[in-house]
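# Chains, contacts and geometry: an overview
Here's the letter readout for the chains.
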Amino acid sequence: MKINHMKIDPGMTTLQLIEEMGKSGVLGAGRMYRATELLAEVISDEETTVFLSIAGPMVPGGLRKIIRDLIADGHVDVVITSGANLTHDLLETFGGSHYREHDETDEELCQMGMGRIGDVYTKAQDFEVFEKKISTLLEEIAQKNNQLNIREFITEIGNSIQDPESIVCTAAEKNVPIYAPGIIDSMLGLQLWMFTQENQLTLDAPGDMHELSDIVYSSKKVATVILGGGLPKHYALASNILTGGVDAAIQVTLDRSEAGSLGGAPLEEAKSWAKAKCGSKLVTVIGDATIIFPLMVAGAREKLDK
């Protein structure tokens, strides 16, 4: 079969561009096309439970509304993420923002009370507001129930805020569970630890696995969409060992495989651990998720609307 060269026409849609990539069918273009096709397939299949795994600065990087909309529209059934992404989601809920275009050195930024994530910037004063408001929420939650699993804790936060743009709030409204196994490694986790120095609030991390195992066993099929690597990726895949692995997976990562890291591991490697079934549909796209995922979602949504 020959490679067909891509053709760009004025006014073409996102899906049409991705379909041109599919006509080429090779390298990153081919992977992008296959990932978009698979995403459209799994989110439209009522028998497939869709896990979304989010690592790296996806909320600060501009994907907050895309993720929130996928949850609101019923395209995601389970979210697994880092405590950092939850922190940044709540930071914006509490009135803070993420910023760009600063020319100062990192030492100057520190003196200005600003932190840097690549070319994303945060203000210390926004985190000060975050700290005050999350402390109030922690008090309210602890008064109702001082022993929760992590998912229940996140849901309680979501039920306690009113922000239609929030991932945490929208997930609570739509009964989409959010799991954050590494929650303590974040500003949210730091505030939780500080709160427990004088108050009783215990999170039961193994308790989440009772729920996850029920979800996995009750699902006819499971697909996982993985942005970045790390703990969220492993948690999403490993929770499906119970049934022999996921039926489909899409991975968007910049990590390399040579060092043996989980983030860079090809999805095919998951088959050796029974984290992906033999014969499962697997597509890895190498690149920046803040570029690739919006295009992929736009193409998949357009395909479903046709």
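Scroll up to find the structure this text is about.
In short, a report on the structure.

One side chain can pair with another of opposite charge once the charged atoms of both are near each other. As enumerated under the stated definition, the model contains 19 salt bridges in all. With a shortest N-O distance of 2.3 Å, K7 and D9 are connected by a salt bridge. Overall, D9 belongs to the partly exposed group, its relative accessible area being 34%. The residue R116 makes a salt bridge to D106 at a minimum N-O spacing of 2.6 Å. One end of the pair, R116, is in strand β3 (residues 114-117); the other, D106, is in helix α5 (residues 106-112), with ten residues separating them in the sequence. Three or more residues joined by partner-sharing salt bridges are found here, namely R64, D89, E92 and D163.

Of the pairings in the sheet, the one linking β3 to strand β4 (residues 120-123) comprises four bridges and is antiparallel in character. Paired with G115 across the two strands is T122, which belongs to β4. Remark: two residues form the turn of the hairpin made by β3 and β4, two consecutive strands paired antiparallel; G118 in that turn has positive phi of roughly 65°.

A few words on the packing of aromatic side chains. Note on aromatic pairs: each is described by the distance of the centres and the angle between the planes. Evaluation of the coordinates by the stated rule reveals two aromatic pairs. On the numbers, 6.0 Å between centres and 40° between planes, the contact of F94 with F130 is tilted. Of the two residues, F94 sits in the loop between α4 (83-93) and α5 while F130 sits in helix α6 (residues 124-144), which places them 36 residues apart along the sequence. Its relative accessible area of 11% is what places F94 among the buried residues. Where F127 meets F130, the ring centres are 6.4 Å apart and the plane angle is 80°; that geometry is what we call edge-to-face. Of this pair, F127 and F130 both sit in helix α6, three residues apart, which is roughly one turn of the helix. You can call F127 buried: its relative accessible area is 13%. Judged by its relative accessible area of 0%, F130 is buried.

On to the side chain of T284, then. If you trace the backbone, T284 turns up in strand β10 (residues 276-286). Among the polar contacts listed, one links the side chain of T284 to the side chain of Q251, at a separation of 3.1 Å. Once you skip the residues sitting within four places of it in the chain, T284 turns out to touch R31, Q251, T253 and L267.

All right, on to unusual backbone geometry then. A positive phi is found at L27, a non-glycine position, where the angle reads about 55°. Along the chain, the position of L27 falls in helix α2 (residues 27-44). By relative accessible area, which is 69% here, L27 ends up exposed. One non-glycine residue, N175, lies in positive phi territory at about 60°.

Moving on to the sheet that holds strand β9 (residues 246-253). Sheet architecture is open: six strands sit in the order β6-β2-β1-β8-β9-β10, paired in parallel fashion. Here the strands that pair on one side only, and so sit at the sheet edges, are β6 (178-179) and β10. Here five bridges tie strand β8 (residues 221-227) to β9, and the two strands are oriented parallel to one another. Directly across from I226, in β9, lies its bridge partner Q251.

What counts and what doesn't
Residues numbered from 1 in each chain as written. Predicted model: local features only at pLDDT ≥ 70, side-chain atom pairs only at ≥ 80, totals over all residues. Heavy atoms only, no water. Salt bridge = Lys/Arg side-chain N within 4 Å of Asp/Glu carboxyl O. Buried < 20%, exposed > 50% of the residue type's maximum accessible area, 1.4 Å probe, protein only. Helix = DSSP H or I, 4+ residues; strand = E, 2+ residues; numbered from the N terminus. Pairing = 2+ DSSP bridges. Phe/Tyr/Trp six-rings, centres within 6.5 Å; stacked < 30°, edge-to-face > 60°. Polar contact = N/O pair within 3.5 Å; in protein donor to acceptor, adjacent residues only side chain to side chain. Contact = heavy atoms within 4.5 Å.

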